[in-house]
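What follows is the residue order along each chain.
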Amino acid sequence: MATDDAARFADWVGPSLLAMTRLARRLAPYADPDDVVQDALVRAWQKWDQFDSALGTPSNWLLAITADRARDARRKRVRRLHVVDETTVAPDAAAPASNVAADLDLDEAIGNLAGRQRLAVELHYFVGLNVDETAAVMGCAAGTVKSTLSDARGRLRQLLGDDDEH
């Protein structure tokens, strides 16, 4: 009987899979859209008995679940990427989720840093190494990492058009 349910569910979601993938790609561009869709399908399977056709189509319901899963994927990324220190500001969790352009600008700006600055930023803020660990990986003193990160933050402010702090 469970096999019949699985087959019916697969037939039921089949027409929506492409749209779900497209939405996942747009809402969480840095996440694997297949992972987002898989999470959405798991959630839909768990709540399938709660679907009410009087409230909308299966596609709309599945897309709403996909949007929710994409928001979660984006939030997870924001939590991993935004490290709060004395010079950065934590993102507002209640802020609208339309920061894709800002993420793209940040990624582009990081790509325009000098190689050593980019490495320090990637190791410290994105990989999550502390200053001493970053220094060990870079083969330099902790003070050099601190200085390099400070210079990188200043350069990022310039590249992102937010150099009023100087």
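Rules of the game
Residues numbered from 1 in each chain as written. Predicted model: local features only at pLDDT ≥ 70, side-chain atom pairs only at ≥ 80, totals over all residues. Heavy atoms only, no water. Helix = DSSP H or I, 4+ residues; strand = E, 2+ residues; numbered from the N terminus. Expected span 1.5 Å × (residues − 1). Buried < 20%, exposed > 50% of the residue type's maximum accessible area, 1.4 Å probe, protein only. Phe/Tyr/Trp six-rings, centres within 6.5 Å; stacked < 30°, edge-to-face > 60°. Salt bridge = Lys/Arg side-chain N within 4 Å of Asp/Glu carboxyl O. Axes fitted to C-alpha atoms, helices over the stretch in contact; angles between N-to-C directions. Parallel < 35°, antiparallel > 145°, perpendicular 65-115°, else oblique. Left-handed = near helix turned anticlockwise from the far one by under 90°. Contact = heavy atoms within 4.5 Å. Nonpolar A, V, L, I, M, F, W, Y, C, P; charged D, E, K, R; others polar. Polar contact = N/O pair within 3.5 Å; in protein donor to acceptor, adjacent residues only side chain to side chain.

A. Summary view of helix α8 (residues 142-159). Along its 18 residues, α8 runs 25 Å from first to last C-alpha, staying within 8% of the 26 Å computed at 1.5 Å per residue. By the burial criterion, the buried members of α8 are Val145, Thr148, Leu149, Ala152, Arg153, Gly154, Leu156 and Arg157. At the exit of α8 stands Gly161, carrying a positive phi of roughly 75°.

B. Local environment of the packing of aromatic side chains. This structure, assessed with the given rule, holds 8 aromatic pairs. One aromatic cluster in this structure is built from Phe9, Trp12, Trp45, Trp48, Phe51 and Trp61.

C. Broad picture of the pattern of salt bridges. The tally for this structure, following the rule as stated, stands at 3 salt bridges. As a salt-bridge pair, Asp5 and Arg8 come within 3.1 Å of each other at their nearest N and O atoms. Of this pair, Asp5 and Arg8 both sit in helix α1 (residues 2-13), 3 residues apart, which is roughly one turn of the helix. Close ionic contact of Arg69 with Asp72 constitutes a salt bridge, the shortest N to O distance being 2.5 Å.

D. Structural view of the environment of Ile110. Within the fold, Ile110 resides in helix α5 (residues 100-111). A C-alpha to C-alpha distance of 9.7 Å links Ile110 and Arg153, two positions 43 residues apart in sequence.

E. Structural view of the packing of α1 against helix α3 (residues 33-47). Remark: α1 packs on α3, axes separated minimally by 12 Å, with the N-to-C direction vectors making an angle of 125°. One element, α1, and the other, α3, form an angle in the oblique class. At the point where α1 passes α3, the crossing takes the right-handed sense. For the pair α1 and α3, the contacting residues are Asp5, Ala6, Phe9 and Val13 in the first and Leu41, Ala44 and Trp45 in the second. Of the residues assigned to the contact of α1 with α3, the class counts are 6 nonpolar, no polar and 1 charged.

F. Structural view of the side chain of Arg69. Among the structural elements, Arg69 can be located in helix α4 (residues 58-81). Judged by its relative accessible area of 15%, Arg69 falls in the buried class. Here the side chain of Arg69 touches Asp68 through a polar contact of 3.1 Å, side chain to side chain. Beyond its immediate stretch of four places on either side in the chain, Arg69 contacts Val36, Asp39, Ala40 and Arg43.

The quantities given are spatial measurements derived from coordinates; they are silent on function.
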